[in-house]
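# Tertiary structure, described
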Amino acid sequence: MAVITLANAKGGAGKTTAALILASELARQGNRVVILDADPQRWITSWSEVSGYIANLEVISHITPASLPCHIRELKDEADYIVVDLAGARDAIVALALGLSDQVLIPVQGCAMDARGAVQILELIRQIEQKARVRINHSVVLTRVNSLVTTRALQAIKALLASRGVSVLDTPIIERAAYREIFELGGTLQTMDPNRVSNLDKARENAFALASEVQSLLPVTPRRALMSRLRSLPRAA
Ligand SMILES: Nc1ncnc2c1ncn2[C@@H]1O[C@H](COP(=O)(O)OP(=O)(O)OP(=O)(O)O)[C@@H](O)[C@H]1O
Ligand SMILES: [Mg+2]
């Protein structure tokens, strides 16, 4: 079981969209996935209510700092992946979720490169790592990237961030109508109608590439035992 958290203190960075694309693709591939909806605005919960049953995918709402570690402990043997969707803020649950994650993904909008929210999360990760003497694997994922942006331009952004010690996923999340409409229509990229949603095939390919890369980052058995992580957590601010 691996815990993947989407974090960026900036609102609207693309966390919920990335969480849903990733979780639903991992579930499509047969993994048992649970999304912990830790955002009081409950976007993923609303999506799940519209969607009804989706194979291999469960959504748990109303996650609090007290309930988060309990859910993770309980799901340890039942789920292959737990995906945590955080609110665009820097509150107690953010620090807690970061400390419990096998992989933190920080969505940053590729075009604007407004990375302030991302920098806050990177700082928080460093603080927790120092305080708790643990390592928190984390990567920036560029999102809402225009489909016309060249690989070379993306490589330049990647190199810039790498020079500051930040790793960036090779797979950017492209700006796609399907990723917006999924929240209105419910269901998944697989249940959408290709005649109604433009470039749906490209969105599916992008989701596949994202999930493959994220899976390749995660060890088969999480590096640190869950219990030791739960013990080593700093007290949430
Ligand atoms: N790859 C994408 N393609 C198209 N639209 C996107 C994409 N990513 C995000 N969006 C749109 O951008 C807006 C913000 O995205 P999202 O809700 O995922 O961000 P968030 O970081 O979860 O926001 P919040 O901090 O409010 O929780 C939404 O309207 C969403 O539909
Ligand atoms: Mg959100």
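Keep in mind that this is a model prediction, so the values were computed, not measured.

## Considering unusual backbone geometry
Of note, Arg42 is a non-glycine position whose phi angle comes to about 55°, a positive value. Assignment of secondary structure puts Arg42 in the loop between β2 (33-38) and α2 (43-51). The backbone phi angle of Arg144 is positive, close to 55°, even though this residue is not glycine. Note on placement: Arg144 falls in the loop between β6 (138-143) and α6 (151-163).

## Focus on the site of ligand 1
Neighbouring ligand 1 are 18 residues; Gly14, Lys15, Thr16, Thr17 and Arg144 lie closest to it. In the model, an oxygen atom of ligand 1 is placed 2.8 Å from a nitrogen or oxygen of the Lys15 side chain. A distance of 2.8 Å separates an oxygen atom of ligand 1 from a polar side-chain atom of Arg144. Alone, ligand 1 offers 620 Å² of accessible surface; in the complex the protein occludes 81% of this. Mapped onto the shell around ligand 1, the elements with two or more residues apiece are α1 (15-28) and α7 (177-185). Class assignment of the residues belonging to the shell around ligand 1 gives a composition of four nonpolar, seven polar and seven charged.

## Focus: a negative patch on the surface
Taken together, Glu58, Glu74, Asp77 and Glu78 make up a surface patch of like negative charges. You can see Glu78 is positioned in the loop between α3 (67-75) and β4 (81-86). Here Glu78 falls in the partly exposed class, since its relative accessible area comes to 49%.

## A word on the sheet that holds strand β5 (residues 103-109)
One open sheet accounts for six strands, arranged β3-β2-β4-β1-β5-β6; its pairing is parallel. Strands with a single pairing partner mark the edges of an open sheet, and in this sheet they are β3 (57-60) and β6. Each adjacent strand pair in this sheet contributes to an overall mean axis angle of 25°, direction not counted. Strand direction decides the pairing type here: β2 and β4, joined by six bridges, are parallel. From the neighbouring strand, Asp37 faces β4, where its bridge partner is Asp85. Running at roughly 130° to β3, α2 makes contact with β2, β3 and β4 of the sheet. Each of β1 (2-6), β2, β3 and β4 touches α3; the most contacted strand, β2, lies at about 175° to it.

## A look at the side chain of Asn206
Note that Asn206 resides in helix α8 (residues 200-217). The class of Asn206 is buried, set by a relative accessible area of 9%. Separated by 2.9 Å, the side chain of Asn206 and the backbone oxygen of Pro172 make a polar contact. Apart from the residues within four sequence positions on either side, Asn206 is in contact with Thr171, Pro172, Ile173, Ile174 and Tyr179.

## With respect to the pattern of salt bridges
All chains considered together, the criterion is met by six salt bridges. Salt-bridge contacts for Asp170 lead to Lys158; the nearest nitrogen and oxygen are separated by 2.3 Å. Of the two residues, Asp170 sits in the loop between α6 and α7 while Lys158 sits in helix α6, which places them 12 residues apart along the sequence. Overall, the relative accessible area of 51% leaves Asp170 in the exposed class. Accessibility expressed as a relative area gives 23% for Lys158, which makes it partly exposed. What you see here is one network of salt bridges that share partners, running through Arg144, Glu175 and Arg180.

## What about the pairing of β3?
Within a regular beta strand, the side chains point alternately toward one face of the sheet and then the other, so they alternate between its two faces. Strand direction decides the pairing type here: β2 and β3, joined by four bridges, are parallel. Each residue of the ladder has a partner; that of Val33, found in β3, is Leu57. Taking the sense of rotation as the criterion, the β-α-β connection linking β2, α2 and β3 turns out right-handed.

Criteria and cut-off values
- Within each chain, residues carry numbers counting from 1 in the order of the written sequence.
- Labels are handed out in written order, letters beginning with A for the chains and numbers beginning with 1 for the ligands.
- Totals for whole chains, interfaces and linings use all residues, but because this is a predicted model, local features are given only for residues with pLDDT of at least 70 and pairs of side-chain atoms are given and counted only at 80 or more.
- Where side-chain values are given, they derive from all heavy atoms of the structure, hydrogens and water being excluded.
- Helix and strand definitions follow DSSP, with helices as H or I runs of at least four residues and strands as E runs of at least two, each counted in order from the N terminus.
- Nearness here has a simple test: a residue counts as near a molecule or strand if at least one of its heavy atoms is within 4 Å of that partner.
- We call two N or O atoms a polar contact when they sit within 3.5 Å, provided that within protein one can donate a hydrogen and the other can accept it, with sequence-adjacent residues counted only if both atoms are side-chain atoms.
- Note on areas: Shrake-Rupley with a 1.4 Å probe; residue coverage comes only from the protein chains shown.
- The nonpolar class holds Ala, Val, Leu, Ile, Met, Phe, Trp, Tyr, Cys and Pro. Asp, Glu, Lys and Arg form the charged class, and all remaining residues, Gly among them, are polar.
- The residues that make up patches have over 30% relative accessible area and no salt bridge, and they are joined within 9 Å when like-charged or within 5 Å when they are Val, Leu, Ile, Met, Phe, Trp or Tyr.
- In the sections that follow, a salt bridge refers to a side-chain nitrogen of Lys or Arg positioned within 4 Å of a carboxyl oxygen of Asp or Glu.
- Here Asp and Glu are counted as negative and Lys and Arg as positive; His is not counted, and neither are the chain ends.
- All charge positions are set by atom: Lys at NZ, Arg at CZ, Asp at CG, Glu at CD.
- Exposure categories follow from relative accessible area, calculated using a 1.4 Å probe and restricted to protein chains: below 20% of the type maximum is buried, above 50% is exposed, and the middle band is partly exposed.
- A pair of strands is labelled paired if DSSP reports no fewer than 2 bridges between them.
- With axes taken as lines fitted to C-alpha atoms, and helix axes fitted only over the stretch in contact, angles between N-to-C directions fall between 0 and 180 degrees.
- Two residues qualify as a contact provided that any one of their heavy atoms is within 4.5 Å of a heavy atom in the partner residue.
- The handedness rule is simple: strands pointing away from the viewer, and a clockwise path from the first strand over the helix to the second, make the crossover right-handed.

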